Amino acid sequence: MSPYPTAISVSIVTDDTAVTLDGVLDIPPDPAGVVIFAHGRGSNRMSPRNISVARQLNAAGIATLLFDLLTDAEASSPHHGQDIALLANRVQHALDWTAINTQTAPLPKGLFGAGTGAAAALETAARGWGRVEALVARGGYPDLAQAALPRVSAPTLQIVAELDRNMLDMGRMAKAMLGRDSALRVVPGASALFEEPGALDMVGRHSVEWFTTHLRGSR
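Now for a look at the structure at hand. Each chain has its residues counted from 1, running along the sequence as written. Only residues with pLDDT of at least 70 get local features here, since the model is predicted, and only at 80 or more are side-chain atom pairs given and counted; chain-wide, interface and lining totals rely on the full set of residues. Neither water nor hydrogens contribute to the side-chain values; these are computed over all heavy atoms in the structure.

**Focus: the packing of helix 4 (residues 84-100) against helix 5 (residues 116-127)**
Between N-to-C directions, angles cover 0 to 180 degrees, with each direction set by a line fitted to C-alpha atoms, over the stretch in contact for helices. Helix and strand definitions here come from DSSP, where helices need a minimum of 4 consecutive H or I residues and strands a minimum of 2 consecutive E residues; each element is numbered from the N-terminal end. Helix 5 packs onto helix 4 with a crossing angle of 65° between their chain directions and a minimal axis gap of 8 Å. If you check the angle between helix 4 and helix 5, you find them roughly perpendicular. The handedness of the crossing between helix 4 and helix 5 is right-handed. Contacts between helix 4 and helix 5 pair Ile 84, Ala 85, Leu 87, Ala 88, Asn 89, Val 91, Gln 92 and Leu 95 from the former with Thr 116, Ala 119, Ala 120, Glu 123, Thr 124 and Arg 127 from the latter. For classification, angles of less than 35 degrees are called roughly parallel, those exceeding 145 degrees roughly antiparallel, those between 65 and 115 degrees roughly perpendicular, and all remaining angles oblique. Here is the rule for handedness: rotate from the far helix to the near one, and if that takes an anticlockwise turn smaller than a right angle the crossing is left-handed, while a clockwise turn gives right-handed. What makes two residues a contact is simply this: any of their non-hydrogen atoms within 4.5 Å.

**Overview of unusual backbone geometry**
At Asp 30, a residue that is not glycine, the phi angle is positive and equals roughly 45°. Only protein chains enter the accessibility calculation, which uses a 1.4 Å probe; a residue is then buried when its area is under 20% of its type maximum, exposed when over 50%, and partly exposed in between. Overall, Asp 30 belongs to the exposed group, its relative accessible area being 63%. One non-glycine residue with positive phi stands out, namely Phe 194, at about 55°. Within the element layout of this structure, Phe 194 appears in the loop between strand 8 (182-187) and helix 7 (199-218).

**Digging into the environment of Gly 23**
Here Gly 23 lies in strand 2 (residues 20-26). The exposure class assigned to Gly 23 is buried, which follows from its relative accessible area of 3%. Those residues in contact with Gly 23, other than ones at most four positions away along the chain, are Ile 8, Ser 9, Val 10, Arg 45, Leu 66 and Phe 67.

Structure follows, in structure tokens:
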């Protein structure tokens, strides 16, 4: 059974290396906005954790776009998965795509990043090439985008696991640099992959609350 029961397959053509990135777009009735997902290293649009959060957003009336940041050949190289500038360019291509697609163009735009994808999402938001109304980072590596953090103007929520002490420390550092329009939510009893019962559901609930507030408020 497909993990995307109501989604539409899409292709995003980049202009940096002329590669095409596969994605899936899911649009509920009368959406409040569209959230673009940027997955972490070693993952892709089939990430079960991102799909779980996306389904919660869809149920709350928010469209989602999950896509592959890298081609299969690129994903086999550890260098590409760590290249935050490249990953941010790919996120920007997806953001640009939603700005011209007839179904998503009128909608406020949000970014959801996980792992290295969170750093790429932060870097993209800081560039200001496309208007990002809200951003959520699950775990992530804000230190990889540290220089960009003071330039992120979009309301930003970081969701970190209580037992992932390193990520919790980095999240606190990033929050101080992101300024007043940011928040940090800690999932009690959760480890880095949010595998504990109810942990991922809490990630989804925090994400729904953040995007509902900031995307609906920007319409």
